[in-house]
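Observations on chain architecture
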Amino acid sequence: MAQYDVIVIGSGPGGYVAAIRCAQLGLKTACVEGRETLGGTCLNVGCIPSKALLHASHQLYEAEHNFAKMGLKGKSPSVDWKQMLAYKDDVIGQNTKGIEFLFKKNKIDWLKGWGSIPEAGKVKVGDAVHDAKNIIVASGSEASSLPGIEIDEKVVVTSTGALTLPKIPKKMIVIGAGVIGLELGSVYSRLGTEVEVIEFLDAITPGMDGEVQKTFQKLLQKQGLKFTLGAAVQGVDASKSKAKVTYKLRKDDSEHTMDADVVLVATGRRPYTDGLGLDALGIEMSQRGQIKTNAHWQTNVKGIYAIGDCIDGPMLAHKAEDEGMACAEVIAGKAGHVNYGVIPGVIYTHPEVANVGQTEEQLKEAGRNYKVGKFSFMGNGRAKANFAADGFVKILADKDTDRILGAHIIGPMAGDLIHEICVAMEFGASAEDLALTCHAHPTYSEAVREAALACGDGAIHM
C-alpha cells in the first residue's frame with residue numbers, strides 16, 4: 001500500500017476541496033468515497049440538484065406570471081417532469097465529472113469504497129489498509145427525522161427522495177420551515193402542487209433576522225405556500241400512495257390531522273460518522289454526535305482532523321470548503337484560518353434570502369449600540385424592470401464606530417449581493433466605506449449602497 005501524507009474520508013465540498021488543497025501544497029493525497037460519483041451529498045442529492053429544479057421551476061413561474069406583461073405572448077409551457085429530472089441529472093453529472101477531472105489533474109488517488117480508521121495512521125477501505133501520516137474526516141451529514149416517522153423515500157421522503165419523485169404530487173406536506181423545506185416546497189408549489197408547511201416554532205427559518213422572517217413568510221404565502229406554525233408533529237401514517245400527518249398545536253394542545261400525497265421531512269441534518277470506528281479510537285464527541293476539534297480542526301487523537309458537517313457550526317457547503325482549505329494549510333505547516341463571523345447563509349427561493357454576521361435580535365441581546373440602514377428594492381430601477389421589487393437590504397452597523405456588524409437581504413440575487421458585504425466585513429469596513437464606493441447603474445447592487453447610505457445621512461432613492 002502507498003504511504004500517504006493525507007487521506008481524506010469523504011468527497012463532499014469539504015473533503016474534495018481539502019484533498020485538492022493538500023495536493024497543491026505538495027502532500028501525497030488520497031480521498032475515500034463510497035458513492036459511485038464524487039461530490040458527496042451537496043453535488044449528488046443536495047445543493048446542486050435542488051438549484052437545478054429551483055431554476056427550472058422559476059422559469060415556468062416567470063412564463064406564467066410575467067411574460068405577458070412584457071409582450072411575450074403565447075401558451076405557457078407545459079411541464080415534462082421526466083425531462084426536467086433528466087436536466088437535473090445532467091447538471092449533477094457535469095459537476096461530479098468535474099471533480100473527478102480535478103482529482104486526476106492534482107494526482108489525487110480516489111480510494112473507492114467506505115472508509116474506517118482501525119487505528120491512528122491507518123485507513124481501511126474494503127479489505128485494504130492504507131497508511132497516512134494525517135487523516136481528515138469529512139464524512140458530512142445525513143437527514144434527521146422525528147420519532148413516529150418512518151422514511152420510505154417514496155411517500156414519506158427526505159430531500160433525497162424529493163429530488164426523484166416519479167410524478168409531481170397534488171398535495172405535499174413539508175415538516176420543517178427551514179432552508180431545505182422552503183426551497184423544495186417552492187419547487188413543487190411552482191409546479192402546481194398544493195404545499196403546506198408545518199413548523200414547530202412560531203416563525204419560519206429559525207435563527208434568521210425577525211424582520212426578514214415576517215417578510216419572507218408573507219411573500220411565500222403570496223406565492224401559494226400555506227403555513228401551520230407552532231405545531232408539534234406526532235406521527236405520519238403512510239400507505240402506498242397517501243400519508244396522514246398528525247400534529248398538536250402548542251398554543252392549546254389540540255390535535256389535528258392533514259392528508260397529502262407526499263410528506264417531505266425537512267427537520268434538519270445530523271453528522272454522519274457511522275462505521276468510521278471513532279468510538280474505538282477514543283475520539284471525543286459532543287452530545288449532538290459531532291466530532292470535537294480544537295482551533296486547528298484537530299481531534300484529541302494525534303494526526304486525525306475533522307471538518308464540515310460532522311463538526312460544530314453551520315452545516316453549509318462553503319463553511320466545509322473553508323475548513324478544508326484551512327485544515328490542509330495547517331497540515332502543511334502553514335497558518336490556516338476561517339473567519340466564522342463572516343460566513344454567509346443563502347436560501348435560493350424567489351426572492352432569495354441571504355445573511356451574514358449578526359441579527360438585530362442578537363445585537364439587542366448582547367446590549368450592542370447599533371444602527372440600521374435599510375433600503376427597499378421598490379426604489380431600485382433594475383428590480384422594478386425585472387418584476388423583482390419585493391424585499392429589502394438591511395445593514396447593521398456599530399453606532400459609535402460605523403463598522404458593519406451584519407447584513408440581511410431578501411430580494412433578487414440576494415445570494416450574490418451578500419458577498420459585497422462579506423468582503424467589507426472581512427476588511428473591517430464601515431458602512432460609510434460601502435456608501436462611498438461607486439456602484440454601476442442600473443444594478444441590484446445599488447440597493448446595497450443605498451442601505452449603507454441609510455446608515456448615515458439617508459438613502460438617495462427612498
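Cut-offs and rules
- Residues numbered from 1 in each chain as written.
- Predicted model: local features only at pLDDT ≥ 70, side-chain atom pairs only at ≥ 80, totals over all residues.
- Heavy atoms only, no water.
- Helix = DSSP H or I, 4+ residues; strand = E, 2+ residues; numbered from the N terminus.
- Contact = heavy atoms within 4.5 Å.
- Polar contact = N/O pair within 3.5 Å; in protein donor to acceptor, adjacent residues only side chain to side chain.
- Pairing = 2+ DSSP bridges.
- Axes fitted to C-alpha atoms, helices over the stretch in contact; angles between N-to-C directions.
- Buried < 20%, exposed > 50% of the residue type's maximum accessible area, 1.4 Å probe, protein only.
- Right-handed = clockwise from strand over helix to strand, strands pointing away.
- Parallel < 35°, antiparallel > 145°, perpendicular 65-115°, else oblique.
- Left-handed = near helix turned anticlockwise from the far one by under 90°.
- Nonpolar A, V, L, I, M, F, W, Y, C, P; charged D, E, K, R; others polar.
- Salt bridge = Lys/Arg side-chain N within 4 Å of Asp/Glu carboxyl O.
- Core = buried A, V, L, I, M, F, W, Y, C linked by side-chain atoms within 4.5 Å.

**Things to note about the environment of Asp390**
Along the chain, the position of Asp390 falls in the loop between α11 (381-385) and β21 (392-398). Through-space distance from the C-alpha of Asp390 to that of Tyr188 is 21 Å; in sequence the pair is 202 residues apart. Not counting chain neighbours up to four residues away, the residues in contact with Asp390 comprise Leu219, Lys222, Phe377, Ile410, Gly411 and Pro412.

**Notes on the side chain of Thr299**
Inspection of the secondary structure puts Thr299 in the loop between α8 (278-281) and β17 (304-306). Within the local environment of Thr299, its side chain forms a polar contact with the backbone nitrogen of Val301, the two atoms lying 3.2 Å apart. Among the polar contacts made by the side chain of Thr299, one reaches the main-chain carbonyl oxygen of Ile304 at a distance of 2.8 Å. Apart from the residues lying within four places of it in its own chain, the contact partners of Thr299 are Ile283, Ile291, Lys292, Thr293, Ile304, Tyr305 and Ala306.

**Focus on the sheet that holds strand β13 (residues 243-249)**
Pairing between the strands of a sheet is mediated by backbone hydrogen bonds and can be parallel or antiparallel. What the three strands build is an open sheet, ordered β12-β13-β14; its pairing is antiparallel. Only two strands of the sheet have a single partner each, and these edge strands are β12 (231-238) and β14 (255-260). The mean angle between the axes of side-by-side strands here comes to 25 degrees, regardless of whether they run parallel or antiparallel. Judged from the seven bridges that link them, β12 and β13 form a sheet pairing that is antiparallel.

**Brief notes about the pairing of strand β9 (residues 171-175)**
For β9, a buried count of five out of five residues is recorded, marking the element as mostly surrounded by other parts of the structure. Burial of the side chains of β9 extends over both faces: Lys171, Ile173 and Ile175 are buried on one face and Met172 and Val174 on the other. Pairing geometry for β9 and strand β10 (residues 194-199), over five bridges, is parallel. By the bridge assignment, Met172 is partnered in β10 with Val195. Considered for its hand, the β-α-β crossover made up of β9, helix α6 (residues 179-190) and β10 is right-handed. One ladder, built from four bridges, connects β9 with strand β15 (residues 262-265); its direction is parallel. In the strand pairing of β15, Met172 is matched with Val262.

**Overview of the packing of helix α3 (residues 47-65) against helix α4 (residues 81-105)**
Packing of α3 against α4 leaves a shortest axis separation of 9 Å and a crossing angle of 140 degrees. By the angle class used here, α3 and α4 are oblique. Along this stretch, α3 crosses α4, giving a crossing that reads as right-handed. Of the residues in α4, those in contact with Ile48, Pro49, Ala52, Leu53, His55 and Ala56 of α3 are Trp81, Met84, Tyr87, Lys88, Val91, Ile92 and Asn95. Residue classes in the contact of α3 with α4 are distributed as 10 nonpolar, two polar and one charged.

**Some details on the pattern of salt bridges**
When charged atoms on two side chains of opposite charge get close, those side chains can pair. Applying the stated rule across the entire model yields 18 salt bridges. Linking Arg250 and Asp202 is a salt bridge whose minimum nitrogen-to-oxygen distance equals 3.6 Å. Linking Arg250 in the loop between β13 and β14 with Asp202 in the loop between β10 and α7 (210-222), this pair joins segments that are 48 residues apart in sequence. Residue Arg250 is classed as partly exposed on the basis of its relative accessible area, which comes to 41%. As a salt-bridge pair, Glu323 and Lys319 come within 3.1 Å of each other at their nearest N and O atoms.

**Let's talk about the nonpolar core**
Counting 52 residues, the largest nonpolar core has Phe103 and Ile136 as its most contacted members. The element best represented in this core is helix α1 (residues 13-24), accounting for seven residues. With sequence-adjacent residues up to four places away left out, Phe103 is seen in contact with Tyr16, Ala19, Ile20, Cys31, Leu38, Ile108 and Trp110. The next biggest cluster of nonpolar side chains, apart from the first, holds 37 residues, and it includes Met84, Met172, Val212 and Val262.

**Side note on the sheet that holds β21**
Spatial ordering of the open sheet is given by β18-β19-β22-β21-β20, a layout of five strands whose pairing is antiparallel. Of all strands in the sheet, those with a lone pairing partner are β18 (345-347) and β20 (370-376), marking the two edges. Between one strand axis and the next, the sheet turns by 10 degrees as a mean value, whatever way the strands run. As paired strands, β20 and β21 are joined by seven bridges and run antiparallel to one another. Paired with Val372 across the strands is Leu396, a residue of β21. On the sheet, helix α14 (residues 446-454) packs against β20, β21 and β22 (404-411) and is oriented at approximately 140 degrees with respect to β20.

The quantities given are spatial measurements derived from coordinates; they are silent on function.
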